[in-house]
Amino acid sequence: MSNKNIVHVVGTGTIGEPLIGLLTEYKKELGIDEVTFHKNSVSDRPKVKALLKRGAKLVVDADKVDGFKAWGIEPAMLHDQALEEATAVIDCSPKGMDMKERFYTKYEHNTKGFIAQGSEFGFGTMYARGINDDVLKQSGQYVQVVSCNTHNLSCIIDTLALGDGEDNLLEGSFVCMRRANDISQVKDFCPAPQVGTHKDGKFGTHHARDAYHLFQTKGLELNLFSSAVKLSTQYMHSLWFDLRLKRPTTLEALKTRIKANDRIAITEKKDANTVFSFGRDQGHFGRILNQTVIPLSTLTMPSETRVVGFCFTPQDGNSLLSSVAAALRFIHPEDFEERIQVLKPYFFDEV
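Residues numbered from 1 in each chain as written. Predicted model: local features only at pLDDT ≥ 70, side-chain atom pairs only at ≥ 80, totals over all residues. Heavy atoms only, no water.

Section: the state of the cysteines
Point 1. In total, this model carries 0 disulfides according to the counting rule given.
Point 2. A disulfide-free cysteine, Cys92 has its sulfur positioned 13 Å from the sulfur of Cys148, the nearest such atom.
Point 3. Owing to a relative accessible area of 13%, Cys92 belongs among the buried residues under this scheme.
Point 4. No disulfide involves Cys148; its nearest neighbouring cysteine sulfur is the one of Cys176, lying 8.8 Å away.
Point 5. Exposure remark for Cys148: the relative accessible area of 14% places this residue in the buried category. (Disulfide = S-S within 2.5 Å. Buried < 20%, exposed > 50% of the residue type's maximum accessible area, 1.4 Å probe, protein only.)

Right, here's the structure in full:
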């Protein structure tokens, strides 16, 4: 393993690209010496050149070297060398489990930690910043950052229900209204609402299942269920929630708790495009890093023990914070909390 603190990012998609940008821009403050990234597609060379200009180093497989060189791009090293030198690896590809089995297990002797994203169920200990930070102390070498919608509903649960006691949530129901695809993607757009199936009999969709396992790392057994529908939009995911509580509360008390949580942004906006536009204009790489954005006007309480409302999911953004936090926990376990505060400007009290 190199004496340098090196973070290696696999993939340059909707999470990988802004993550590389974030790490390179703040590497001094984060205590990172070098950022490397793996890329396969030569057709994305404008993106690659932009990331190189920011200071990241390109890593490719042996059979891709000539293709990049033909376009005037000199790879810094091959992938096996990058894995050999990496202090922490963040996998932002849809093949985290496959990469773990084929490659990462070979480098456990020299790499302090491996991190994958939300779709890679079973990769490692589930984690979301601010929900179960203590788990990183005993997570082992493999961490799975949960999905953006799981971040959102977990933050809602933690703030609105568990703030009055870990036994306060009797039942939580959620409907995830997902964007069809990202604005950067050209596949899988749907022309009309497309309802999802409940593949998990107990939890419905993976969002509630993953949140259950996330809170289970804290010794909690929560009663959760989620459904999903894909909408013909490329802007943002939206979330409807219905929480049944053990202890009575008031709307004002909940709003006070929401405003006190710096990972939650409030808004008067009720349209996803206007929230998305704010992130595009004010966020880092167009991302809001908050875990959720809540239009306070949508909150209501049909009874003193039931809370219903809507919120928006800053997809990709909330996963970025957790990915950086997990990597820093491996690299700088003593002071990673202080180092990560450099990202505070990208957390908004209001959108």
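Section: the packing of helix 7 (residues 148–161) against helix 8 (residues 206–216)
Point 1. At their nearest, the axes of helix 7 and helix 8 sit 9 Å apart, and the two run at 55° to each other. On the basis of their axis angle, the class for helix 7 and helix 8 is oblique. Between helix 7 and helix 8 the crossing geometry is right-handed. Contacts from Asn149, Thr150, Leu153, Ser154, Ile157 and Asp158 of helix 7 reach helix 8 at His207, Ala208, Asp210, Ala211, Leu214 and Phe215.
Point 2. Classifying every residue of the contact of helix 7 with helix 8 gives 6 nonpolar, 4 polar and 2 charged. (Axes fitted to C-alpha atoms, helices over the stretch in contact; angles between N-to-C directions. Helix = DSSP H or I, 4+ residues; strand = E, 2+ residues; numbered from the N terminus. Parallel < 35°, antiparallel > 145°, perpendicular 65-115°, else oblique. Left-handed = near helix turned anticlockwise from the far one by under 90°. Contact = heavy atoms within 4.5 Å. Nonpolar A, V, L, I, M, F, W, Y, C, P; charged D, E, K, R; others polar.)

Some remarks on the nonpolar core
Point 1. Leu23, Val324 and Leu343 are the most contacted members of the largest nonpolar core, which totals 46 residues.
Point 2. For this core, the element with the highest residue contribution is helix 11 (residues 317–331), accounting for 9 residues.
Point 3. Those residues within four positions of Leu23 in sequence are excluded, and the remaining contacts are Val7, Val9, Leu30, Ile32, Val35, Ile90 and Val324.
Point 4. By size, the runner-up hydrophobic cluster in this structure holds 38 residues, among which are Met126, Phe203, Leu254 and Leu296. (Core = buried A, V, L, I, M, F, W, Y, C linked by side-chain atoms within 4.5 Å.)

Examining unusual backbone geometry
Point 1. One non-glycine residue, Phe285, lies in positive phi territory at about 55°.
Point 2. Note that Phe285 resides in the loop between helix 10 (272–282) and strand 14 (292–295).

Structural notes on the sheet that holds strand 3 (residues 57–60)
The strands making up a sheet associate through backbone hydrogen bonding, with each pair oriented either parallel or antiparallel.
Point 1. Read from one edge to the other, the open sheet built from 8 strands follows the order 4-3-2-1-5-6-8-7, with strand pairing classed as parallel. Across the chains shown, the open sheet's two edge strands, defined by having one partner strand only, are strand 4 (77–78) and strand 7 (125–127).
Point 2. Relative to strand 8 (residues 142–145), strand 7 runs parallel, the two being bridged by 3 bridges. Each residue of the ladder has a partner; that of Thr125, found in strand 8, is Val143.
Point 3. Running at roughly 165° to strand 1 (residues 6–10), helix 1 (residues 16–25) makes contact with strand 1, strand 2 (34–38) and strand 5 (88–91) of the sheet. (Pairing = 2+ DSSP bridges.)

Concerning the pattern of salt bridges
Oppositely charged side chains can pair when the atoms bearing their charge come close.
Point 1. Within the structure shown, the criterion is met by 20 salt bridges.
Point 2. Close ionic contact of Lys4 with Glu34 constitutes a salt bridge, the shortest N to O distance being 3.3 Å. Of this pair, Lys4 sits in the segment before strand 1 while Glu34 sits in strand 2, and the two are 30 residues apart along the sequence.
Point 3. Overall, Glu34 belongs to the buried group, its relative accessible area being 7%.
Point 4. For Asp210, the salt bridge goes to Arg209, with nearest N and O atoms at 2.8 Å. (Salt bridge = Lys/Arg side-chain N within 4 Å of Asp/Glu carboxyl O.)

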